[in-house]
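Observations on the model geometry
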Amino acid sequence: MMDKALITEVKKQFPDYTVVAYINTTSDLKTVCDVCVTSSSAQKIVSKLDTDKILFIPDCNLGDYISKQIPDKEFKLLNGGCPTHARIEPEDVLKAKEAHPNALFLVHPECKPSVVELADYVGSTTGIMNFAKESDQDEFIIGTENNIAVHLSNECPEKKFYTVTDTFVCPNMRYTTLENVLECCKGEGEQIELDEETRVGAKRCIDRMIELG
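Figured I'd write up the structure that's included with this text. Quantities reported herein were computed from a predicted structural model and do not represent experimental measurements.

Moving on to the pairing of strand 1 (residues 18–22). Within strand 1, 5 of the 5 residues are buried, which leaves it mostly tucked inside the rest of the structure. The pairing of strand 1 with strand 3 (residues 53–57) spans 4 bridges and is parallel. Its bridge partner lying in strand 3, Thr 18 is registered against Ile 54. Examined bridge by bridge, strand 1 and strand 2 (residues 35–37) share 3 bridges and lie parallel to one another. Bridge pairing in strand 2 links Ala 21 to Cys 36.

A word on a negative patch on the surface. There is a patch of like negative charges on the surface, built from Asp 3, Asp 28, Asp 195 and Glu 197. Looking at the element boundaries, Glu 197 is found in helix 11 (residues 196–212).

On to the environment of Tyr 17. Summarising the element assignment, Tyr 17 is placed in the loop between helix 1 (4–13) and strand 1. By relative accessible area, which is 9% here, Tyr 17 ends up buried. Taking the C-alpha atoms as reference, Tyr 17 lies 7.8 Å from Thr 51; in sequence the two are 34 residues apart. Not counting the four nearest positions on each side in its chain, Tyr 17 is found in contact with Asp 34, Lys 53, Ile 54, Leu 55, Glu 74 and Lys 76. A distance of 2.4 Å separates the side chain of Tyr 17 from the side chain of Glu 74, its partner in a polar contact.

Another point: the nonpolar core. Counting residues in each nonpolar core, the largest one holds 44 residues, and the members touching the most others are Val 20, Phe 56, Ile 57 and Ile 66. Judged by nonpolar contacts, the second largest core, of 12 residues, contains Leu 106, Phe 140, Cys 156 and Phe 161.

Quick look at the packing of helix 8 (residues 125–134) against helix 9 (residues 146–155) now. Relative to each other, helix 8 and helix 9 sit at 35°, their axes nearing to 11 Å. Handedness of the crossing formed by helix 8 with helix 9: right-handed. Contacts between helix 8 and helix 9 pair Thr 125, Met 129, Ala 132 and Lys 133 from the former with Ile 148, His 151, Leu 152 and Glu 155 from the latter. Among the residues forming the contact of helix 8 with helix 9, the class breakdown is 4 nonpolar, 2 polar and 2 charged.

Counting through the fold element by element, Cys 205 comes out in helix 11. Overall, the relative accessible area of 0% leaves Cys 205 in the buried class. Those residues in contact with Cys 205 that sit more than four places away from it in its chain are Lys 30, Cys 33, Asp 34, Val 35 and Cys 36.

Turning to the packing of aromatic side chains, a few remarks are in order. Under the criterion given, the structure shown has 3 aromatic pairs. Ring geometry for Phe 14 against Tyr 17: centres 5.5 Å apart, planes inclined by 70°, an arrangement best described as edge-to-face. Seen from their ring centres, Tyr 121 and Phe 131 are 4.6 Å apart, and the 20° between their planes marks the pair as stacked. One end of the pair, Tyr 121, is in strand 6 (residues 121–122); the other, Phe 131, is in helix 8, with 10 residues separating them in the sequence. With relative accessibility at 23%, the residue Tyr 121 sits in the partly exposed group. With relative accessibility at 26%, the residue Phe 131 sits in the partly exposed group.

What counts and how
For every chain, the first residue of its written sequence is number 1, and the numbers climb from 1 along that sequence. Only residues with pLDDT of at least 70 get local features here, since the model is predicted, and only at 80 or more are side-chain atom pairs given and counted; chain-wide, interface and lining totals rely on the full set of residues. Values shown for side chains rest on all heavy atoms present in the structure; no hydrogens or waters enter the calculation. Exposure categories follow from relative accessible area, calculated using a 1.4 Å probe and restricted to protein chains: below 20% of the type maximum is buried, above 50% is exposed, and the middle band is partly exposed. Numbering of helices and strands starts at the N terminus; helices are DSSP runs of H or I of at least 4 residues and strands are runs of E of at least 2. For two strands to be treated as a pair, DSSP must find no fewer than two bridges joining them. Nonpolar side chains (Val, Leu, Ile, Met, Phe, Trp, Tyr) are joined into patches within 5 Å and like charges within 9 Å, using only residues with over 30% relative accessible area and no salt bridge. Where accessible areas are quoted, they stem from the Shrake-Rupley method and a 1.4 Å probe; at the residue level, only the protein chains shown are allowed to cover. Any Lys or Arg side-chain nitrogen located within 4 Å of an Asp or Glu carboxyl oxygen qualifies as a salt bridge. By the counting rule applied here, Lys and Arg register as positive and Asp and Glu as negative, while His and the ends of each chain are not counted. By convention, the point assigned to a charge is CZ for Arg, NZ for Lys, CD for Glu and CG for Asp. Note on definitions: a residue-residue contact is assigned when non-hydrogen atoms from the two residues lie within 4.5 Å. Two N or O atoms count as a polar contact when they lie within 3.5 Å, although within protein this holds only if one can serve as hydrogen donor and the other as acceptor, and sequence-adjacent residues are included solely when both atoms are side-chain atoms. Side-chain atoms within 4.5 Å link the members of a nonpolar core, which is a set of buried Ala, Val, Leu, Ile, Met, Phe, Trp, Tyr and Cys residues. Axis definition: a line fit to C-alpha positions, over the contact stretch in the case of helices; interaxial angles, taken between N-to-C directions, run 0 to 180 degrees. Crossing handedness is defined as follows: a turn of the near helix away from the far one that is anticlockwise and smaller than a right angle gives a left-handed crossing, while the clockwise case is right-handed. In this count, Pro and Cys sit with the nonpolar residues alongside Ala, Val, Leu, Ile, Met, Phe, Trp and Tyr, while Asp, Glu, Lys and Arg are called charged and the others, Gly among them, polar. Only Phe, Tyr and Trp rings take part, Trp by its six-membered ring, and two of them pair if their centres are within 6.5 Å. Stacked means planes under 30 degrees apart, edge-to-face means over 60, and tilted covers everything else.

Here it is as structure tokens:
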């Protein structure tokens, strides 16, 4: 949703803001960002930054959630995010809760704030899975990609997992297949090459994430 040219221009408007980028951004875009974050590490990393002004990209929903956890910092958010998570509306959640009144709603912070507000737990994919596994409850509505509900059903057959809607499917996550993975293991997959300037620039952003995380 965002590229190097766009963020370079935005940085000119807000030169005193630290650019925090979600890990699912291109290598090229990372070269003009200060640090990467994941859903689970964003709050910790942003809290540790020695600045009070944050330009959080590209996911405005995740940025909104993190800003509420760290109210003493000032956030600038742009209109970007995950199109799959953005499709889910509060009405979808309420319908799922009506169908499964005893189920807890576990949600990704990439969903709209109005959806996140309905959650019993908000967290990353790993956080959602761990919560469901460790919880004494035995019914859950999973507020992220439907495949996570399938994984949890396989790992916790004694519990019940429901999807918010049948259409909560991410085509990008499913773009890479098992056949693709096999080809890579055999050295036959597509090779991605980065020029040295991009490699070093993107690595700097990732190294900062590891340092703070």
